[in-house]
Amino acid sequence: MTRRSVIDPAQDLPRNPMASPRLLAASEEANEAWLSHWPSERVPALGGLTPRAAAKRKKERVRLEALLREFERGARLLAQAGRPAPDIGRLHTQLGMDRW
């Protein structure tokens, strides 16, 4: 074989510079609403568990920690861009997760 074509489906997806689409809130009020509701929502990335339930399961805490790190990164990017950023530390406290 002298030539090989490879198709990468990720190239067709729009790029999101933030860690999560939910962190694109336009106001402090929207961030507040998201911070209040997210811990009780079923999250596909957590196998359909709520973050509160995942925080209580040792095996699921790893995935929850990874999500919180993504949210931290997204919040930092929003703050650097001068946009309202959610307080992810509040999620850590609500969920009883140690900060790293």
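Being a predicted model, the structure only gives us computed values, none of them experimental.

J.: Give a description of the pattern of salt bridges that names residues and reports values.
T.: The final tally for this structure, using the stated rule, is 2 salt bridges. Residue Glu32 is joined to Arg90 by a salt bridge in which the shortest nitrogen-to-oxygen separation is 2.8 Å. With Glu32 in helix 1 (residues 28-37) and Arg90 in helix 4 (residues 88-95), this residue pair connects regions lying 58 residues apart in the sequence. The exposure class assigned to Glu32 is partly exposed, which follows from its relative accessible area of 38%. Between Glu60 and Arg63 there is a salt bridge whose closest N-O contact spans 2.6 Å. Linking Glu60 with Arg63, this pair stays in helix 3 (residues 58-80), spanning 3 residues, or about one helical turn. A relative accessible area of 38% places Arg63 in the partly exposed class.

J.: So, helix 3: which residues are in play, and what are the values?
T.: Because an α-helix packs 3.6 residues into every turn, residues spaced three or four apart end up facing the same way. With 23 residues, helix 3 extends 33 Å between its outermost C-alpha atoms, agreeing within 8% with the 33 Å of an ideal straight helix rising 1.5 Å per residue. Looking only at helix 3, the buried set comprises Glu60, Leu64, Leu67, Leu68, Phe71, Glu72, Gly74, Ala75 and Leu78. Against helix 1, helix 2 (51-55) and helix 4 lie the buried residues of helix 3.

J.: Report on the packing of helix 1 against helix 4, specifying residues and quantitative values.
T.: Each pair of packed helices can be summarised by the angle the axes make with each other and by the distance between the axes. Packing of helix 1 against helix 4 brings their axes to within 10 Å, and their N-to-C directions diverge by 20°. If you check the angle between helix 1 and helix 4, you find them roughly parallel. Considering only the axes of helix 1 and helix 4, their crossing is right-handed. Between helix 1 and helix 4, the contacting residues are Glu32, Trp34, Leu35 and Ser36 on the first element and Ile88, Arg90, Leu91 and Gln94 on the second. Here the contact of helix 1 with helix 4 is built from residues that sort into 4 nonpolar, 2 polar and 2 charged.

J.: Can you explain the packing of aromatic side chains? Please cite residues and give values.
T.: Following the criterion strictly, the structure yields 3 aromatic pairs and no others. Aromatic pair Trp34 and Phe71: ring centres 5.2 Å apart, planes at 80°, arrangement edge-to-face. Here Phe71 lies in helix 3 and Trp34 lies in helix 1, a separation of 37 residues in the sequence. For the pair Trp34 and Phe71, a shared accessibility class is recorded, and that class is buried.

J.: Please set out helix 1 residue by residue, giving values where relevant.
T.: Burial in helix 1 covers these residues: Asn31, Trp34 and Leu35. End-on, the buried residues of helix 1 take up no more than an arc of 100°, which puts them together on one face. Exposed residues pointing more than 90 degrees away from the buried face of helix 1 are listed as Glu29 and His37.

What counts as what
- Residues numbered from 1 in each chain as written.
- Predicted model: local features only at pLDDT ≥ 70, side-chain atom pairs only at ≥ 80, totals over all residues.
- Heavy atoms only, no water.
- Salt bridge = Lys/Arg side-chain N within 4 Å of Asp/Glu carboxyl O.
- Helix = DSSP H or I, 4+ residues; strand = E, 2+ residues; numbered from the N terminus.
- Buried < 20%, exposed > 50% of the residue type's maximum accessible area, 1.4 Å probe, protein only.
- Expected span 1.5 Å × (residues − 1).
- Contact = heavy atoms within 4.5 Å.
- Axes fitted to C-alpha atoms, helices over the stretch in contact; angles between N-to-C directions.
- Parallel < 35°, antiparallel > 145°, perpendicular 65-115°, else oblique.
- Left-handed = near helix turned anticlockwise from the far one by under 90°.
- Nonpolar A, V, L, I, M, F, W, Y, C, P; charged D, E, K, R; others polar.
- Phe/Tyr/Trp six-rings, centres within 6.5 Å; stacked < 30°, edge-to-face > 60°.
- Arc of directions from axis to C-beta.

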